[in-house]
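These are the residues of each chain, in order.
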Amino acid sequence: MKNLTVNQDRLWDSLMEMAKIGPGIAGGNCRLALSDFDREGRDLFVRWCQEAGCSITVDKMGNIFARRPGTDPSMAPVTTGSHLDTQPTGGKFDGVFGVLAGLEVIRTLNDHGVETTAPVEVSVWTNEEGSRFAPAMVASGVFAGVFDLDYGHSRADIDGKTIGDELERIGYKGDETPGEHPIRAFFEAHIEQGPILEAEEKTIGVVTGAQGQRWFEATLTGSESHAGTTPMNRRKDALVAASKLVTAINEIALANAPHAVTTVGMMQVSPNSRNTIPGSVFMTIDLRHPDDATLSRMEEELRSACAGICDPVGIAAELENIWYSPPISFDPDCVSAVKNAAGTAGYGNMDIISGAGHDACYISRVAPTAMIFVPCEDGVSHNEAESATPQDLAAGCNVLLHAMLERASA
Ligand code: HGY
Ligand code: MN
Ligand code: MN
Ligand code: MN
């Protein structure tokens, strides 16, 4: 079985086929969670898996499991997978590669009539991106028992549509209770979404863990007033305060270099009129660091910066930590299965910590888990220009195949 390899062209063709669903405006994808495009992508994935002889189950958070039977049906499956939802300016590979690499593993096992002892499964996790509905990874979080089902269903987008309603609307609110689906071992293949593998000229990232993240929502409230008549010393300009806070947030990353990263991704100004002084600003804040204590300290620095900016000028600040995902380490046996598979295949590889969050981070709480990274061009992701080579993607898929085989026959 050592020489078993996946079909590089078939993997690439499936990625390009899926990329036609929810096209962006610059060659990438905009397939937001639980949108009609997400449904279309899910339907295509399900059809392909059924054609490959898999049985399909869907849980109450819309997580999909496509199962290829093993010789011992009593064994829990070895599962892979990722997500099909994308950022608004998403690429063709973030998440999708992990889903379709899993399908390619199943197609390759079928081609060669390989029987595994444990079943093999491919999963699709709902709303991994956290772009349409916050927080990210919410459905794998419900599966792992981090969030309860009501919380998961109640997450709403900016139009007030909830995950529960949208699952119903697109026909993916399944019957299975999230978390009741046993997993023997979980592997997620993903593009690195950063520049390290490319810079180090390595084909495979052996992902040993992921950094922690804290998401915040801030509402700064001053008072609207006339842009022409209000003296500067009588203003409570929420946007001036927010702008100082954005700069302070950037400085928190620089002060905790080299690993800290901070981002303000969303900002809504109200009333958003060119000749009215902004009365309030809503903004999102994303803090990340591999070390939990540093991440907590960064939150303290954020809170004192916010008070220091707003209090003296009478701006009311509400700053809520809406999500905390701690740094995690993956399962040593699964990590070594990845390392062995990469080494045996002769791929240059290195250990790496994920800067991004992934469903694997939550699944690692309920099953032995590891991840496989492949390089992406210039380390660019969450950008329509996201790009990876067919060769690297096939290499990652070969490592996935053999890491899964090691755990499915053990
Ligand atoms: O934000 C992240 O790390 C991931 O894309 N959900
Ligand atoms: Mn992803
Ligand atoms: Mn992403
Ligand atoms: Mn992710």
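Residues numbered from 1 in each chain as written. Chains lettered and ligands numbered in written order. Predicted model: local features only at pLDDT ≥ 70, side-chain atom pairs only at ≥ 80, totals over all residues. Heavy atoms only, no water.

For the protein, the name recorded in an unreviewed UniProt entry is Zn-dependent hydrolase, with Pelagibius litoralis as its organism.

Attention now goes to the UniProt feature "binding site: Zn(2+) 2" (unreviewed entry) in the protein. The feature "binding site: Zn(2+) 2" (unreviewed entry), as given by UniProt, occupies Asp 94, Glu 129 and His 382 in the numbering adopted here. Of the residues just listed, which span 289 residues, no C-alpha pair is farther apart than 9.7 Å, and they cluster in one region. Looking at the element boundaries, Asp 94 is found in the loop between β3 (78-82) and α3 (96-111). Sequence-distant contacts of Asp 94, that is, excluding residues within four places in its chain, are made with His 83, Glu 129, His 190, Ile 191, Gln 193, Ser 381, His 382 and Glu 386. In this structure, His 382 sits in the loop between β14 (369-374) and α12 (390-409). If sequence neighbours within four positions are ignored, His 382 has contacts with Gln 87, Thr 89, Asp 94, Glu 129 and Gln 193. At 3.1 Å, the side chain of His 382 forms a polar contact with the side chain of Asp 94. (UniProt positions renumbered as here; feature names shortened; annotations may be inferred. Helix = DSSP H or I, 4+ residues; strand = E, 2+ residues; numbered from the N terminus. Contact = heavy atoms within 4.5 Å. Polar contact = N/O pair within 3.5 Å; in protein donor to acceptor, adjacent residues only side chain to side chain.)

Moving on, we get to α12. A rise of 1.5 Å per residue sets the reference length of α12, with its 20 residues, at 28 Å; its end C-alpha atoms lie 28 Å apart and thus fit the reference within 8%. Within α12, 16 of the 20 residues are buried, which leaves it mostly tucked inside the rest of the structure. (Expected span 1.5 Å × (residues − 1). Buried < 20%, exposed > 50% of the residue type's maximum accessible area, 1.4 Å probe, protein only.)

Time to look at the packing of aromatic side chains. Within this structure, the stated rule accounts for eight aromatic pairs. Ring geometry for Trp 125 against Phe 186: centres 6.1 Å apart, planes inclined by 80 degrees, an arrangement best described as edge-to-face. Here Trp 125, found in the loop between β4 (120-124) and α4 (138-143), pairs with Phe 186, found in strand β5 (residues 185-191); they are 61 residues apart in sequence, far enough to count as distant. Residue Trp 125 shares its accessibility class with Phe 186, and that shared class is buried. Taken together, a centroid distance of 5.9 Å and an interplanar angle of 90 degrees make the contact between Phe 147 and Tyr 362 edge-to-face. Taken together, the residues span a long stretch of sequence, with Phe 147 in the loop between α4 and α5 (149-154) and Tyr 362 in helix α11 (residues 359-363) at a distance of 215 residues. Look at Phe 147 and you get buried, because its relative accessible area is 13%. (Phe/Tyr/Trp six-rings, centres within 6.5 Å; stacked < 30°, edge-to-face > 60°.)

Quick look at the pairing of β3 now. Regular strands place side chains that alternate from one sheet face to the opposite one. The buried fraction of β3 amounts to five of the five residues, a majority that puts the element mostly inside the structure. On β3, burial covers both faces: Val 78, Thr 80 and Ser 82 on one face and Thr 79 and Gly 81 on the other are all buried. One ladder, built from five bridges, connects β3 with β4; its direction is parallel. In the strand pairing of β4, Ser 82 is matched with Val 124. The sheet contact formed by β3 and β5 spans three bridges and is parallel. By the bridge assignment, Thr 79 is partnered in β5 with Phe 186. (Pairing = 2+ DSSP bridges.)

To continue, consider the site of ligand 1. The local shell around ligand 1 consists of Glu 128, Glu 129, Ala 136, Arg 288, Ala 356, Gly 357 and His 382. Separating an oxygen atom of ligand 1 from a side-chain N or O atom of Arg 288 is a distance of 2.8 Å. Separating an oxygen atom of ligand 1 from a side-chain N or O atom of His 382 is a distance of 3.2 Å. Calculation on ligand 1 without its partners gives an accessible area of 210 Å², and the protein chains cover 95% of this total. Considered class by class, the residues forming the shell around ligand 1 number two nonpolar, two polar and three charged. (Near = heavy atom within 4 Å. Areas by Shrake-Rupley, 256 points an atom, 1.4 Å probe, with all protein chains shown as cover. Nonpolar A, V, L, I, M, F, W, Y, C, P; charged D, E, K, R; others polar.)

Our focus in this paragraph is the coordination of the manganese ion (ligand 4). As a benchmark, a tetrahedral metal site with four donors has ideal angles of 109.5 degrees, while an octahedral site with six donors has ideal angles of 90 or 180 degrees. In this structure, Glu 128 (OE) and Gly 357 (O) serve as the protein donors to the manganese ion (ligand 4), at separations of 1.9 to 2.2 Å. A spacing of 3.0 Å is found between the manganese ion (ligand 4) and the manganese ion (ligand 2). Residue Glu 128 is located in the loop between β4 and α4, and its partner Gly 357 is located in the loop between β13 (349-354) and α11; the two are separated by 229 residues in the primary sequence. In this structure Glu 128 comes out as buried when scored by relative accessible area, which is 4%. The exposure class of Gly 357 is buried, given its relative accessible area of 13%. (Donors = N, O, S within 2.8 Å, 3.2 Å for Na, K, Ca; no water.)

A separate point is the coordination of the manganese ion (ligand 2). Of the protein atoms, only His 83 (NE2), Asp 94 (OD) and His 190 (NE2) coordinate the manganese ion (ligand 2), at distances of 2.0 to 2.3 Å. Within one chain, the residues serving as donors to the manganese ion (ligand 2) are arranged as H-x10-D-x95-H. Separating the manganese ion (ligand 2) from the manganese ion (ligand 3) is a distance of 3.5 Å, and Asp 94 supplies a donor atom to each of them. One end of the pair, His 83, is in the loop between β3 and α3; the other, His 190, is in strand β5, with 107 residues separating them in the sequence. Residue His 190 is classed as buried on the basis of its relative accessible area, which comes to 1%.

Right, let's talk about the packing of helix α2 (residues 36-51) against α3 for a bit. Running from amino to carboxyl end, α2 crosses α3 at an angle of 10 degrees, the nearest separation of the two axes being 10 Å. In terms of their interaxial angle, α2 and α3 are classed as roughly parallel. Relative to α3, α2 is oriented so that their crossing is left-handed. Two secondary-structure elements touch here, α2 through Phe 45, Trp 48 and Cys 49 and α3 through Val 99, Leu 100, Leu 103 and Arg 107. (Axes fitted to C-alpha atoms, helices over the stretch in contact; angles between N-to-C directions. Parallel < 35°, antiparallel > 145°, perpendicular 65-115°, else oblique. Left-handed = near helix turned anticlockwise from the far one by under 90°.)

Size of an interface, as often reported, equals the accessible area lost when the parts are brought together. Here the protein is partitioned into domain 1 (8-211 + 327-408) and domain 2 (212-325). Look at where the C-alpha atoms of domain 1 and domain 2 centre, and you get two points 33 Å apart. On the domain 2 side, the residues contacting the 16 residues of domain 1 number 16 residues. Summed over both partners, the interface of domain 1 with domain 2 comes to about 1000 Å²; 58% of that surface belongs to carbon and sulfur atoms. The tally of links from domain 1 across to domain 2 stands at zero salt bridges. Taken together, the connections running from domain 1 to domain 2 amount to three residue pairs in polar contact (both at pLDDT 80 or more). Partitioned by chemical class, the residues of the side of domain 1 that touches domain 2 number eleven nonpolar, four polar and one charged. (Domains from an automatic or database assignment. Buried area = accessible area lost by both parts, 1.4 Å probe. Salt bridge = Lys/Arg side-chain N within 4 Å of Asp/Glu carboxyl O.)

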